[in-house]
Amino acid sequence: MMITIIGPTACGKTAFAVKLAKRFINDGVPTEIISGDSRQVYRGMTLGTGKDLEDYDGVPYHLIDICDPGEKYNIHRYQQDFLRAYGDCTARNVQPILCGGSGLYIESVLDNYIIPPKKSEEERERRHRDRPLALGKKGTPLQSVIIGLHIDREVRRERITRRLKQRLEDGMLDEIRELLRTVSAEDLIYYGLEYKYLTEHIIGRLTYEEMFSQLEIAIHQFAKRQMTWFRGMERRGFSINWIDTAMPIEKQLAEAIKIINS
């Protein structure tokens, strides 16, 4: 059975998933992480998508850096890539952990919606507005224990602001300037959030202060929409086991393992 880790941006999903994976690995259970993020698939889009690759600490991962920026990745391709990665893990008796915040992508693979390629354009238009897609009929749902990381709203807001400042200090503007050598400004703006506002600053549409303020607000709104999506998943029949991130990490992991074993 798969394990799925979800939660809003800045809640610490990747670090939590890695620590959980290491617990399994230390107990002799090979474990790998499958990304459930719609933008981390792109090479060169590292700081802006929050890949935090150093957090993986040697734990193998899938569906990160698998296509070039400028390509129009979509939910149909994600399903195919996910099933390939999931099948690879299970064939090798590896425990897969699906981890991410892109609710539409995660729900589509957990409920195994059959999505024809022709819906790709519609999905592209909806992806950054987080509106439900008119999905196709279901196949056999994928069995998974779903763990949601709950973070206090004010703590989340503070983490978002701190993380945004840190990524700007780490060179996020330089990352986007490098991308603009091969990708058009409008294509980068399409990817939303960091890529939209920083690109608009670089091409002169926004001052630095306007960029930071508008982006900060947009990320807060995005996190709120993520939680709305996850609550919607519960209404649609998914059982999400919420863990409070205010607890010490060891308690969080112990709670997660208890949920998984039950």
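Conventions and cut-offs
Residues numbered from 1 in each chain as written. Predicted model: local features only at pLDDT ≥ 70, side-chain atom pairs only at ≥ 80, totals over all residues. Heavy atoms only, no water. Salt bridge = Lys/Arg side-chain N within 4 Å of Asp/Glu carboxyl O. Buried < 20%, exposed > 50% of the residue type's maximum accessible area, 1.4 Å probe, protein only. Helix = DSSP H or I, 4+ residues; strand = E, 2+ residues; numbered from the N terminus. Contact = heavy atoms within 4.5 Å. Polar contact = N/O pair within 3.5 Å; in protein donor to acceptor, adjacent residues only side chain to side chain. Disulfide = S-S within 2.5 Å. Axes fitted to C-alpha atoms, helices over the stretch in contact; angles between N-to-C directions. Parallel < 35°, antiparallel > 145°, perpendicular 65-115°, else oblique. Left-handed = near helix turned anticlockwise from the far one by under 90°.

Honestly, the pattern of salt bridges in this entry has me stumped. Any pointers?
Here the idea is simple: oppositely charged side chains can pair when their charged atoms come close. The final tally for this structure, using the stated rule, is 20 salt bridges. Across the pair Arg 77 and Glu 71 runs a salt bridge whose closest N-O atoms are separated by 3.3 Å. On the basis of relative accessible area, Arg 77 is assigned to the partly exposed category, the value being 27%. Where salt bridges share partners, they join Glu 186, Lys 196, Glu 200 and Arg 205 into one cluster.

Explanation requested: the environment of Thr 4 in the structure shown.
Within the secondary structure, Thr 4 is located in strand β1 (residues 2-6). Distance in space between the C-alpha atoms of Thr 4 and Ile 146 is 4.7 Å, their sequence separation being 142 residues. Setting aside chain neighbours within four positions, we find Thr 4 in contact with Leu 98, Ile 106, Leu 110, Ser 144, Val 145, Ile 146 and Ile 147. A distance of 2.7 Å separates a polar atom in the side chain of Thr 4 from a polar atom in the side chain of Ser 144.

Which parts of the structure should I look at to understand the state of the cysteines?
Linking two cysteines covalently through their sulfur atoms gives a disulfide. With the rule as written, the count across this model stands at 0 disulfides. Looking at Cys 89, it has no disulfide partner, and the nearest cysteine sulfur is the one in Cys 99, 14 Å off. Classification of Cys 89 by relative accessible area gives buried; the value is 0%. Considering cysteine sulfurs only, Cys 11 is the nearest to Cys 99, which forms no disulfide, with 8.0 Å between them. With a relative accessible area of 8%, Cys 99 lands in the buried category.

Would you mind going over the packing of helix α2 (residues 75-91) against helix α3 (residues 103-110) with me for this structure?
Angle between the axes and distance between the axes are the two parameters that describe a pair of packed helices. Two elements in contact, α2 and α3, have axes whose closest approach is 10 Å; the angle formed by their N-to-C orientations is 55°. By the angle class used here, α2 and α3 are oblique. The handedness of the crossing between α2 and α3 comes out as right-handed. Every residue of α3 that contacts α2 at Ile 75, Tyr 78, Gln 79 and Phe 82 is listed here: Leu 104, Tyr 105, Ser 108 and Val 109.

It is not clear to me how unusual backbone geometry should be interpreted in this structure. Could you clarify?
With the exception of glycine, most residues fall at negative phi, and the peptide bonds are largely trans. Of note in the backbone geometry, Asp 52 takes a positive phi value of approximately 50° without being a glycine. We classify Asp 52 as partly exposed; its relative accessible area is 24%. Residues other than glycine seldom take positive phi values, yet Asp 65 does so here, at roughly 60°.

In short, the description is geometric, and any link to function would need to be established separately.
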